[in-house]
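Residues per chain are reported as follows:
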Amino acid sequence: MYRYDEFDHAFVSDRVEQFRDQVGRRLSGELAEDAFKPLRLMNGVYLQLHAYMLRVAIPYGTLNGRQMRMLAYIARKYDRGYGHFTTRQNIQYNWPKLNELPDALADLATVEMHALQTSGNCIRNVTADHFAGAAADEVADPRPYAEILRQWSSVHPEFSFLPRKFKIAVTGAERDRAAIQVHDIGLHLKKNEKGEIGFAVYVGGGQGRTPMIAKKIRDFLPEEDLLSYTTAIMRVYNLHGRRDNKYKARIKILVHETGAEELARQVDVEFAALKDSELKLPERDVAAISAYFAPPDLAPRAEGWASLAQWKKADADFARWVQNNVQPHKHPDYGMVTISLKPIGGIPGDATDTQMEAVADIAEEYAFDEIRVSHEQNLILPHVALADLEPIYRGLVAAGLATANAGLITDIIACPGLDYCALANARSIPVAQELSLRFGAPERQAEIGELKIKISGCINACGHHHVGHIGLLGVEKKGEELYQITLGGSGDENTSIGEIIGRGFEPEKVTDAVEVIVDTYLGLRLDPSETFLVAYRRVGPQPFKDALYGDKAAAAAA
Amino acid sequence: MADKVLTANRLSDGISVWLDAAGTWNEHLQSAFVARHKEAVEALEATGKQAYADNKVVDVNVVDVEEFDGVLRPLRMRERIRAEGPSISYAAGYAGLIATAAPAA
């Protein structure tokens, strides 16, 4: 993985000391809140309902055991013993004290971590496929390009005060696991007929109050043009993006109002001027960054096949975990392990300090010291020999991290919601917990198959409800919580925005409503291989409306 | 007019606080001073403005409450959760702020 050079170390350390000075001046009264707020946000510090919140960047979701151990330490020393992994592959702490935050950031800097650009109207943490560098279907590892974008965008003077925040995601496989079509820029790594690396470029996707699917404006952008073309997009956005209305300031609105074709033309004009500038990526620089992400030396471990068969035969729980949480690796003797942060009835994305340390231990001992955070709020061990799966599983069981539900109905994404978030209108976590308990039986989850439930506590959609197969949006109505249900959303290579199914449900009724939807699906699917999403796309919303509301008029009136 | 209390987050640690009858910022809603008429609400607002200007607290708001049998209950769910803390059991096994050695960097 990427290691800081001297510049990086000095830069991050300088920022910590700058922030220490700013916090000191704030606490002494020298700086007023209006002046301080943008400074703290630039360092990832929010104010939530109960306390400050620190959002730490995990670039493209990649970290090692040493870094995970530090995240555990931060949780224990400066917070209440846990952290929350987010849909942007970051981690949030919910209870840090302002006066201790400079020390926390200094500790993070010792392991090459920081909280820069995790807030504010800048280019945020660049996200990537959590199986990068390991997936069997990958064309190329997206992380070197994400790292190049990170370096280019860090405190970029031209792009530090954009009309609104800006999110870039990169995937290196046809199967999109990074949800690139709901990002401001989505980059899809490809090879052309000559075998050269390049990108399909998508622009203007996003969720929030106005969900939009990104438009493809380039089929194949050569690798060397990554920064010049991205800069061209940013310039067009920076110039024409709306600054008069926060709710219309994202690039998706500009793309929508301008039209993708015209926007692409404007980008091309900028690009023509930048293409042969210093932004052209030298091959040697790409090679140097790529070297940081070279795959580990994966020795043949063919003995794992026989062992795995025996272990599975001897332990049904282990077999179920392998079935759901282990994916094929590009090396046949290895697998990619999803460590579920969705225990049945638990809080999606939360991990305690001791759980983080357990993951660090396992990664260091068995998984080439590599850990990923997925945008689905799980942790990943991308390189694991099949021969080591059993001891890893035992370690995860001991840490309470062996829930066998990756990709199933209880693998729920949920934002912090009204339990923490100052923007939320309704709670997300208790809804996720109740759904998890309702559907938690392994046999039932297996029967239902792949089904993604995503829950947001407000229209900002941090819980990705728009792209949930079943999406739940919490709203406030007459001072009480109400949950609107959308169906048919998807955040993959066939991205779709879910459709609102009808009137919302009170907290005590929403789990029943989801169960009606699930039972309706089970009743109408052609066979167990037809997933919820495929079935929904075949039959449309009506059978679900009928089942939920009894008659068509009731739903239509909503 | 609904009864009102003055709430904010403490500057130093961000913890939710309510103004009590002694004029101090208290971590418990039930200790809050309740304004029941216009003049009292105006006094709360002035106090909040001053505390903000004095850099004691941030995010200062007057919020509606109702009182049943001497127990204050904010009208909005948001404020109830601010007062009572997250509605979920969020830190299983957390032993408190124990002394702990930093991991080797």
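These numbers were taken from a predicted model, which means no experiment stands behind them.

About the thresholds
Residues numbered from 1 in each chain as written. Chains lettered and ligands numbered in written order. Predicted model: local features only at pLDDT ≥ 70, side-chain atom pairs only at ≥ 80, totals over all residues. Helix = DSSP H or I, 4+ residues; strand = E, 2+ residues; numbered from the N terminus. Contact = placed C-beta atoms within 7 Å. Rg over C-alpha atoms; globule rule 2.2 N^0.38 Å. Buried ≥ 20, exposed ≤ 12 C-beta atoms within 10 Å, placed from the backbone. Pairing = 2+ DSSP bridges. Axes fitted to C-alpha atoms, helices over the stretch in contact; angles between N-to-C directions. Core = buried A, V, L, I, M, F, W, Y, C linked by C-beta atoms within 7 Å. Nonpolar A, V, L, I, M, F, W, Y, C, P; charged D, E, K, R; others polar. UniProt positions renumbered as here; feature names shortened; annotations may be inferred. Domains from an automatic or database assignment.

**Here's the deal with the overall build of chain B**
For step 1, the next point in the chain: Along the backbone of chain B there are 2 helices and 5 strands.
For step 2, the next point in the chain: Long-range contacts, defined as pairs at least 24 residues apart, comprise 51% of the intrachain contacts of chain B with a sequence gap of at least 6.

**What to know about the overall build of chain A**
For step 1, the next point in the chain: When helices and strands are tallied, chain A shows 19 helices and 20 strands.
For step 2, the next point in the chain: Against the 2.2 N^0.38 benchmark of 24 Å for 558 residues, chain A shows a C-alpha radius of gyration of 23 Å, consistent with a compact globule.
For step 3, the next point in the chain: Along the first, second and third principal axes, the C-alpha set of chain A runs to 60 × 60 × 60 Å.
For step 4, the next point in the chain: Taking all 558 residues of chain A together, the buried fraction comes to 54%.

**Brief notes about the sheet that holds strand β7 (residues 168-171) of chain A**
Residues and elements named next belong to chain A.
For step 1, the next point in the chain: Read across the open sheet, the 5 strands follow the order β6-β7-β8-β9-β10; overall the sheet is mixed. The strands lining the two open edges of the sheet, one partner per strand, are β6 (127-128) and β10 (215-222).
For step 2, the next point in the chain: Across 7 bridges, strand β8 (residues 185-191) lies against strand β9 (residues 197-203) in antiparallel orientation. Note that in β9 the partner of Lys 190 across the bridge is Gly 198.
For step 3, the next point in the chain: The strands touched by helix α5 (residues 143-153) are β6, β7 and β8; relative to β7, the strand with the most contacts, the crossing angle is about 160°.

**Things to note about the sheet that holds strand β16 (residues 413-414) of chain A**
Residues and elements named next belong to chain A.
For step 1, the next point in the chain: Strands sit in the order β16-β17-β18-β19-β20 across an open sheet of 5 strands; the sheet is mixed. A strand with exactly one partner marks an edge of an open sheet, and here the two such strands are β16 and β20 (499-500).
For step 2, the next point in the chain: In this sheet, strand β18 (residues 470-477) lies alongside strand β17 (residues 453-456) in parallel orientation, the contact comprising 4 bridges. Bridge assignment links Ser 456 to a residue of β18, and that residue is Leu 473.
For step 3, the next point in the chain: Its contacts with the sheet put helix α16 (residues 507-524) on β18 and β19 (480-487), and the angle it makes with β19 is roughly 15°.

**Looking at the nonpolar core**
Nonpolar side chains in soluble globular proteins generally cluster together in the buried interior.
All names here are of chain A.
For step 1, the next point in the chain: Within the largest apolar cluster, 185 residues are counted, with the highest numbers of intra-cluster contacts made by Val 170, Val 203 and Val 359.
For step 2, the next point in the chain: It is helix α6 (residues 226-240) that provides the largest number of residues to this core, a total of 8 residues.
For step 3, the next point in the chain: Filtering out sequence-adjacent residues up to four positions away, Val 203 remains in contact with Ile 185, Ala 214, Lys 215, Ile 217, Ile 233, Ile 251, Val 255 and Leu 263.

**Re the environment of Gln 433 of chain A**
Residues and elements named next belong to chain A.
For step 1, the next point in the chain: Relative to the helices and strands, Gln 433 resides in helix α14 (residues 429-439).
For step 2, the next point in the chain: In this structure, the C-alpha to C-alpha distance between Gln 433 and Ala 513, residues 80 residues apart in sequence, is 15 Å.
For step 3, the next point in the chain: Excluding residues within four positions of it along the chain, Gln 433 makes contact with Gly 345 and Gly 346.

**Side note on the pairing of β8 of chain A**
All names here are of chain A.
For step 1, the next point in the chain: Counting buried residues along β8, 5 of its 7 residues qualify, which places the element largely inside the surrounding structure.
For step 2, the next point in the chain: The pairing of β7 with β8 spans 4 bridges and is parallel. Bridging across to β8, Ile 168 finds its partner in Ile 185.
For step 3, the next point in the chain: Remark: 5 residues form the turn of the hairpin made by β8 and β9, two consecutive strands paired antiparallel; Gly 195 in that turn has positive phi of roughly 85°.

**Points about the interface of chain A and chain B**
For step 1, the next point in the chain: Counting residues at the interface gives 35 residues for chain A and 29 residues for chain B.
For step 2, the next point in the chain: Looking at the side of chain A that touches chain B, the elements with two or more residues in it are α3 (65-78), α14 and β19 of chain A.
For step 3, the next point in the chain: Here the side of chain A that touches chain B gets 6 residues from one element, more than from any other, and that element is α3 of chain A.
For step 4, the next point in the chain: Its residues assigned to classes, the side of chain A that touches chain B shows 15 nonpolar, 8 polar and 12 charged.

**Details of the UniProt feature "domain: Nitrite/sulphite reductase 4Fe-4S" (unreviewed entry) in chain A**
Residue and element names in this part refer to chain A.
For step 1, the next point in the chain: Residues annotated in UniProt with the feature "domain: Nitrite/sulphite reductase 4Fe-4S" (unreviewed entry) correspond here to residues 119-271 and 450-523.
For step 2, the next point in the chain: End-to-end, the C-alpha atoms of residues 119-271 are 28 Å apart, and along that stretch the chain is 30% helix and 18% strand.
For step 3, the next point in the chain: In residues 450-523, helix accounts for 23% and strand for 30%; the two terminal C-alpha atoms are 16 Å from one another.

**Considering α14 of chain A**
Residues and elements named next belong to chain A.
For step 1, the next point in the chain: Among the 11 residues of α14, 8 are classified as buried, and the element is accordingly described as predominantly covered.
For step 2, the next point in the chain: Three or more residues of α14 are buried, namely Ile 429, Pro 430, Val 431, Ala 432, Gln 433, Leu 435, Ser 436 and Phe 439.
For step 3, the next point in the chain: Contacts made by the buried residues of α14 are with β16, α15 (442-448), β17, β18, β19 and α16.

**Some points on the pairing of strand β2 (residues 16-19) of chain B**
Put simply, side chains in a regular strand alternate between the two faces of the sheet.
All names here are of chain B.
For step 1, the next point in the chain: Residues Ser 16 and Trp 18 point to one face of β2 and Val 17 and Leu 19 to the other, with burial holding for every one of them.
For step 2, the next point in the chain: Here strand β1 (residues 3-10) runs beside β2; their pairing, made up of 3 bridges, is antiparallel. Bridging from a neighbouring strand, Thr 7 pairs with Trp 18 of β2.
For step 3, the next point in the chain: Two successive antiparallel strands, β1 and β2, enclose a turn made up of 5 residues, where Gly 14 displays a positive phi of approximately 75°.
For step 4, the next point in the chain: Bridge count for β2 against strand β3 (residues 25-26) is 2 bridges, and the pairing is antiparallel. Bridging across to β3, Trp 18 finds its partner in Asn 26.

**Thoughts on the domain arrangement of chain A**
As a measure of interface size, the accessible area lost when the parts come together is often cited.
Residue and element names in this part refer to chain A.
For step 1, the next point in the chain: In terms of domain boundaries, chain A breaks down into domain 1 (6-109), domain 2 (135-292), domain 3 (303-398) and domain 4 (413-557).
For step 2, the next point in the chain: Domain 1 and domain 4 are separated by 34 Å when their C-alpha centres are compared.
For step 3, the next point in the chain: Listed by partner, the interface residues are 7 residues for domain 1 and 7 residues for domain 4.

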